[in-house]
Amino acid sequence: AQLKLVVKVLPFTLEKPRLEYSIYYHGQLTEQRTLGPFYKSAVQMLADFKYMKTHGIDNPWIGSSSTNFQPVVLKQVLELRRQAGMDNKTILYGGDPETITLSFPTDPKGLQKLKGLVRERIKFFKENGVSEVYFYGADEATGERLKAQRPAWEAIHEVGGKMFVACSAGFSDIVGDLLDLPIYAFASYPDPYLPTKVHSHPGHKLYCYNAWSGQLGVEVPYTVRSAYGFNLWKAGYD
């Protein structure tokens, strides 16, 4: 059978997302030619960034625990982001071996070394047009493990850095004053009281992930639009 269809394409462009969207992006710029999430040529990385930007992701995190801090390479990454139309004013920095190996010290000597490394990273980013740099805490830490990071987070704040990390219930009472950008995990409807708690600290924002246990996978637009769009917007998340 043949069907004759008439399609009307409406002449409008989508508005920018009302919420901020990011992603844990582990791509590392390299000369290697590989297929996978970690090692990317400049052509591949630019294609990734353009694809993200087209789909509303304006600021993927940058850096990887297995890539050394190389200003020349990071400068290239920032330039590729610019070419894709991304705004580099705020950088969510996932870290590098030197900062991650140092981890989150509590002793004076370790804290001073951490401050030096953070100053160096911030100096590089600011020389390349970045206004704010967020550093990643210990992923999904709770209780005493989360509390133990306070001295290091305070040290990072002292030299001009900010903190972001994935977390779960209870973080607000332990590090709410120091966590500039919590990425809150929940498996049902968003906590309607949490945004008020987070926003009571000037300049703090609240992200979420794993909404409705949704680590994506199969493309289900209505579910994703509800979980990561309307429900977060209505609840006051950023």
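Before any of the text, the structure's been laid out above.
Calculation criteria
- Residues numbered from 1 in each chain as written.
- Predicted model: local features only at pLDDT ≥ 70, side-chain atom pairs only at ≥ 80, totals over all residues.
- Heavy atoms only, no water.
- Salt bridge = Lys/Arg side-chain N within 4 Å of Asp/Glu carboxyl O.
- Helix = DSSP H or I, 4+ residues; strand = E, 2+ residues; numbered from the N terminus.
- Buried < 20%, exposed > 50% of the residue type's maximum accessible area, 1.4 Å probe, protein only.
- Lys, Arg positive; Asp, Glu negative; His and termini not counted.
- Polar contact = N/O pair within 3.5 Å; in protein donor to acceptor, adjacent residues only side chain to side chain.
- Contact = heavy atoms within 4.5 Å.
- Axes fitted to C-alpha atoms, helices over the stretch in contact; angles between N-to-C directions.
- Parallel < 35°, antiparallel > 145°, perpendicular 65-115°, else oblique.
- Left-handed = near helix turned anticlockwise from the far one by under 90°.
- Nonpolar A, V, L, I, M, F, W, Y, C, P; charged D, E, K, R; others polar.

A. A look at the pattern of salt bridges. In this structure the tally under the stated criterion is 12 salt bridges. With its nearest N and O atoms 2.9 Å apart, the salt bridge here joins D96 to R121. Of this pair, D96 sits in the loop between β3 (90-93) and α3 (97-102) while R121 sits in helix α4 (residues 108-127), and the two are 25 residues apart along the sequence. We note that D96, like R121, is buried.

B. Summary view of the side chain of R81. Mapped onto the elements, R81 comes out in helix α2 (residues 71-83). Look at R81: it is buried, it has no salt bridge, and the nearest opposite charge is D58 at 7.0 Å.

C. Broad picture of the side chain of T99. Turning to its location among the elements, T99 is positioned in helix α3. Polar side-chain contacts of T99 include one of 3.0 Å to the backbone oxygen of D96. Once residues lying within four places of it in the same chain are set aside, the contact partners of T99 are L117 and R121.

D. Expanded view of the packing of α4 against helix α6 (residues 150-158). Running from amino to carboxyl end, α4 crosses α6 at an angle of 40°, the nearest separation of the two axes being 9 Å. It follows from the interaxial angle that α4 and α6 lie oblique. Crossing of α4 over α6 shows right-handed handedness. On α6, the residues that touch L111, L114, K115 and V118 of α4 are P151, A152, A155, I156 and E158. Its residues assigned to classes, the contact of α4 with α6 comprises 7 nonpolar, no polar and 2 charged.

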